[in-house]
Amino acid sequence: MAEIGNYLEGDVADEVRHQLEHHLSHCQTCTILVDSSRKTLKIVTDTGTFDLPEATFKPIAERIMARIRGDGK
Amino acid sequence: MSYFGGVDLGPSFEPFATFQEQFGFVPKLFLAQTRLPRVIEAESALISAILFTDKALARPQKECILLVLAAAEGNSYCFSLHYQMLKLLGVPEQRLDRIATDYRQGDLSPATSALLTLVSKLGTKEAVAEAAAQGLSNESILEAILVAGLSRFLCTLATGVGAAPDFAPRPIPAQQASFIQGVASAEPFLPAPDLGEDHPPFTFLRAQFGTVPKVFRAQTLMPDVLEAEAHAIRSILLPEDALSRTRKLDILRTGFDIETLRRHGFTDEQALETVVTTALSSFFFVLQVGLGGGSDFAAKMGAKKAYLSATDQRHMPITVSVDPDAECVARVQSGDLDAFEELMSRHHQRVFRTLVGTLGNPDEACDAMQDTFLKAFQHLASFEGRSKFSTWLVSIATNTGIQRLRERRPLESLDESDHDEEGFRPRQVQAWTEDPEQLYSQAEMRSLVENGVMKLPVKYRMVLMLRDIEQLPIEEAASALGLGIPATKARLLRGRLMLREALAPHFIPSGDRGSAKGVAN
């Protein structure tokens, strides 16, 4: 399982990669696992989740800067 | 590991297929450059024309030149690479050690010995005349000089990208070979047939430089190499997506040092392109000195070692830690408070996501963000730039979040063993639809992902947030979390698999649902 994680990261030695790809060529379950994990990763990367709206950040930033400038005086 | 994060270019990326075929693997030197595929393509074309294509010299002769010159440069990466290549070509280790120490004691053929003498005395007409007197053809001499240029190119790249060794590094024997004896001579050392002014590489060069630089006119014995060099210039020097051409010409003219890069806040792509541009410059400089005929490229590269830093970097990689925030941080440290506002503006999303990952609650994350930035400001005076500012800031956010979490839920374990990864077995093993992102609107997709991420246990959520959502390199995520890389990878895998399980019901075609089963192995 750990090697599949490394494989998804493109971080396996060539020999291991060949072995994994050989295994994937005839194991439907692992092929599905790798394919759906790749798709999961792509969805997470593409979706742009957990954005903090600028309108929420602005007053926080103002409070922080006020504290900093106040401390600096 | 290298100075630059890697990108998966997929198995069909042609240069890697070429390297696989020729080296038996893809050297990490090239894996370290995947942020700029176009430069790898240009490098592959250049290496193919000079090293992989048999012309006057055989591959083992060229590998011998590369080995001896890598030793002369003190470049451990290239020395180990070419040592291994020669071993694969059937040269026994004992003999390789003798060649590396003193090629004259290496039982080499008179021709190979003459080639090595030539490249160890590059830059003098006498060296070329001596090689010719030993029976080397003009083509052999030109090819040897090209291989010497390639050696400098590869050594500069390896040093510049901080390539991790492909093999256990071999000690470089103390040896007497030197590299580049002379300076660029106005007199050409080799005859060069006239290819006509309409020869395509010449037309291209004239369009780019206003003239055909002399170093190219001196290589007309090998038109295919000229084409590969033109390709390299087209792919490395001309594109402006990372660095402007003017900036690259500055680099070609003056060289650079790592501290300057740091001060100018180069991105990884810009720093990588700087390294590759410098390597190309050093390649042409060797050709210019080796072939004679006049100077086109500044002699700044005349130093024996790759010109990357003022200090001696022979046995340790240079530190190319390019922090785009360095300048802004320095301004804050010198009292410019507005610069801190700029840093907050650049990084508030990252800090927010880190805190959501830790606390699992957006409102609480907003609250903790203020603490995080105030702590960062209080400690910025002691920040020395050993890591990127963003990594340092994420560490503060992580620690702030963990501290709050412990106050809130003292019993929740963040540090338990990761051995339970071995016991995890995915249950959803039906094939997903081909293009899952087409099934839902962007807002629906965001909601699905956010809900799935929020349901993960905190230790998996934290690492997934940093690596997959913030897209920090694994080393930076590990550093920010205070974990080792293996533990970070283990948690990341578990988090991804758990998220996959959570998302699967939404992306399995409806006819295939309802037959969930565990994976046996």
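Residues numbered from 1 in each chain as written. Chains lettered and ligands numbered in written order. Predicted model: local features only at pLDDT ≥ 70, side-chain atom pairs only at ≥ 80, totals over all residues.

**A few points about the overall build of chain B**
Counting its secondary structure elements, chain B contains 23 helices and zero strands. Taking all 521 residues of chain B together, the buried fraction comes to 47%. Restricting the contact set of chain B to residue pairs at least 6 apart, pairs at least 24 apart contribute 78%. (Helix = DSSP H or I, 4+ residues; strand = E, 2+ residues; numbered from the N terminus. Buried ≥ 20, exposed ≤ 12 C-beta atoms within 10 Å, placed from the backbone. Contact = placed C-beta atoms within 7 Å.)

**Some points on the overall build of chain A**
Looking only at helices and strands, chain A features four helices and zero strands. Taken from N to C terminus, the helices and strands of chain A fall in the order α-α-α-α. For chain A, buried positions account for 18% of its 73 residues.

**Thoughts on the interface of chain A and chain B**
On the side of chain B, 45 residues touch chain A, which itself brings 35 residues to the contact. For the side of chain A that touches chain B, the secondary structure elements donating two or more residues are α1 (2-8), α3 (28-47) and α4 (54-72) of chain A. Here the side of chain A that touches chain B gets 14 residues from one element, more than from any other, and that element is α3 of chain A.

**What about unusual backbone geometry?**
Even without being glycine, phenylalanine 50 of chain A reaches a positive phi, approximately 55°. Its location among the elements puts phenylalanine 50 of chain A in the loop between α3 and α4.

**Things to note about the packing of helix α1 (residues 14-23) of chain B against helix α3 (residues 37-52) of chain B**
Residue and element names in this part refer to chain B. One can describe the packing of α1 onto α3 by two numbers: an axis separation of 9 Å at closest approach and a directional angle of 35°. Every pair of crossing elements has a handedness; the one defined by α1 and α3 is left-handed. Mapping the contact onto sequence places Pro15, Thr18, Phe19 and Gln22 in α1 and Ile40, Glu41, Ser44, Ser48 and Phe52 in α3. Considering only residue class, the contact of α1 with α3 consists of four nonpolar, four polar and one charged. (Axes fitted to C-alpha atoms, helices over the stretch in contact; angles between N-to-C directions. Left-handed = near helix turned anticlockwise from the far one by under 90°. Nonpolar A, V, L, I, M, F, W, Y, C, P; charged D, E, K, R; others polar.)

**Observations concerning the environment of phenylalanine 16 of chain B**
Residue and element names in this part refer to chain B. When you line up the elements, phenylalanine 16 lands in helix α1. The exposure class assigned to phenylalanine 16 is buried, which follows from the 21 C-beta atoms found within 10 Å. In the structure, phenylalanine 16 is positioned 24 residues away from isoleucine 40 in sequence and 8.7 Å away in space, judged by C-alpha atoms. With sequence-adjacent residues up to four places away left out, phenylalanine 16 is seen in contact with Leu9 and Val26.

**Topic: the nonpolar core**
All names here are of chain B. Core analysis: the largest hydrophobic core is formed by 92 residues, its most contacted members being Ile65, Leu67, Val68 and Ala144. Among the elements that take part in this core, helix α9 (residues 138-161) stands out by supplying 14 residues, more than any other. Contact partners of leucine 67, with chain neighbours within four places excluded, come to Phe79, His82, Tyr83, Leu86, Ile99 and Ala100. (Core = buried A, V, L, I, M, F, W, Y, C linked by C-beta atoms within 7 Å.)

**Some points on helix α22 (residues 474-481) of chain B**
Think of an α-helix as 3.6 residues a turn; residues three or four steps apart then line up on the same face. Residues and elements named next belong to chain B. With respect to burial, α22 is a largely interior element, six of its eight residues being buried. Glu476, Ala477, Ala478, Ser479, Ala480 and Leu481 are the residues of α22 that are buried. The inward-facing, buried residues of α22 contact α19 (389-408), α21 (458-469) and α23 (485-507). Of the residues trailing α22, glycine 482 is marked for its positive phi of about 70°.

**Things to note about the confidence of the model for chain B**
Residues and elements named next belong to chain B. On average, residues of chain B score 81 in pLDDT, and 81% of them reach the 70 mark or higher. Mean pLDDT across the secondary structure elements of chain B bottoms out at helix α14 (residues 258-263), with 56, and peaks at α3, with 95. Segment residues 298-321: pLDDT under 50, and 53 contacts once partners within four positions in sequence are set aside and those in other chains are kept. Within the model, pLDDT remains below 50 along residues 514-521, and this stretch shows 11 contacts once partners closer than five positions in the same chain are excluded. Predicted complex, confidence summary: ipTM 0.87, pTM 0.52. (pLDDT = per-residue confidence, 0-100.)

**Focus: the confidence of the model for chain A**
Scored by pLDDT, chain A comes out at a mean of 84, with 93% of its residues at no less than 70. Element-level mean pLDDT values for chain A span from 77 in α1 of chain A up to 88 in α4 of chain A.

**Description of α1 of chain B**
Residues and elements named next belong to chain B. Buried within α1 we find Pro15, Phe16 and Phe19. One side of α1 carries all its buried residues, which in axial view fall inside an arc of 95°. Seen from the buried face of α1, the exposed residues on the opposite side, beyond 90 degrees, are Glu14 and Glu21. Its buried side turned inward, α1 meets α2 (28-31) and α3. Just downstream of α1, glycine 24 is the residue with a positive phi angle, here 90°. (Arc of directions from axis to C-beta.)

**Here's the deal with the packing of α3 of chain B against α9 of chain B**
All names here are of chain B. Axis separation between α3 and α9 bottoms out at 10 Å; the angle between their running directions is 140°. Relative to α9, α3 is oriented oblique. For the element pair α3 and α9, the recorded crossing hand is left-handed. Contact residues: α3 offers Ile47, Ile50 and Leu51, while α9 offers Leu146, Val147 and Leu150. Across the contact of α3 with α9, the residue classes break down as six nonpolar, no polar and no charged. (Parallel < 35°, antiparallel > 145°, perpendicular 65-115°, else oblique.)

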